[in-house]
Amino acid sequence: MKNYTITVNGNVYDVTVEEGTGSAAAAAPKAAPKAAPKAAPKAAPAAPAAAAGAGAVKVTASVPGKVFKVEASVGQAVKAGDPIVILEAMKMEIPVVAPQDGTVASIDVAAGQAVESGDVLASLN
């Protein structure tokens, strides 16, 4: 099972999705391992870049998806709740916001890049 947190019109929902065990689902896992190694190398360089960014606070993706828009820039002062990156997942735009006040130390993704849940998107000082 996978857990996701989704925000719709300002309401936050915790969703648990159970993976199927039927024959149709059996075909999907065969395709998924082929896709996962392609996505993992793209995400892996972002993590070392974030560590090199020297930001004390990491801003991570809450859901897997694609970076729709980067709202903040390096050196910009942000307040808690200010949008840093907008993710697109399941045809929805999901803002990733600053967890606290600070200055953007690094932006570790670009528009159009695929990200997984937990990937570092930016860091703050």
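Residues numbered from 1 in each chain as written. Predicted model: local features only at pLDDT ≥ 70, side-chain atom pairs only at ≥ 80, totals over all residues. Heavy atoms only, no water.

So, the overall build of the chain: which residues are in play, and what are the values?
Across its full length, the chain carries one helix and ten strands. A total of 125 residues make up the chain; the buried ones form 27% of that total. Long-range pairs, those at least 24 residues apart, make up 54% of the contacts in the chain between residues at least 6 apart in sequence. Taken as a whole, the chain presents about 7600 Å² of accessible surface, with 58% of it coming from carbon and sulfur. (Helix = DSSP H or I, 4+ residues; strand = E, 2+ residues; numbered from the N terminus. Buried < 20%, exposed > 50% of the residue type's maximum accessible area, 1.4 Å probe, protein only. Contact = heavy atoms within 4.5 Å. Areas by Shrake-Rupley, 256 points an atom, 1.4 Å probe, with all protein chains shown as cover.)

Could you give me a rundown of unusual backbone geometry, with the residues and numbers involved?
In this structure, methionine 90 is a non-glycine residue whose phi angle is positive, near 55 degrees. Among the structural elements, methionine 90 can be located in the loop between β6 (83-89) and β7 (92-97). The phi dihedral of lysine 91 falls on the positive side, at around 60 degrees, and the residue is not glycine. Here lysine 91 is to be found in the loop between β6 and β7.

Pulling in residues and values, what's your account of the layout of surface pockets?
Here the largest pocket is characterised by a volume of approximately 210 Å³. Together, Lys2, Tyr4, Val63, Pro64, Ala89, Met90, Glu116 and Ser117 line the largest pocket. Of the residues that constitute the lining of the largest pocket, the class distribution is five nonpolar, one polar and two charged. (1 Å grid on protein atoms, 1.4 Å probe; cavity = no way out; pocket = protein on both sides within 12 Å on 5 of 7 lines; lining within 4 Å. Points joined across faces, edges and corners; volume = space filled by probe spheres on them. Nonpolar A, V, L, I, M, F, W, Y, C, P; charged D, E, K, R; others polar.)

Which residues make up the side chain of serine 123, and what are the values?
With respect to the helices and strands, serine 123 occurs in strand β10 (residues 120-124). One polar contact links serine 123 to serine 106, side chain to side chain, over a distance of 2.7 Å. Other than its neighbours up to four places away in sequence, serine 123 contacts Gly55, Val57, Lys58, Thr103, Val104, Ala105, Ser106 and Asp108. (Polar contact = N/O pair within 3.5 Å; in protein donor to acceptor, adjacent residues only side chain to side chain.)

Can you tell me about the sheet that holds β10, naming the residues and giving the values?
Pairing in this open sheet of four strands is antiparallel, and the strands run β3-β10-β8-β5 from one edge to the other. The sheet is open, and its two borders are formed by β3 (57-60) and β5 (77-78), each paired with just one other strand. With three bridges joining them, strand β8 (residues 102-107) and β10 adopt antiparallel strand pairing. Note on β10: the bridge partner recorded for valine 104 is leucine 124. (Pairing = 2+ DSSP bridges.)

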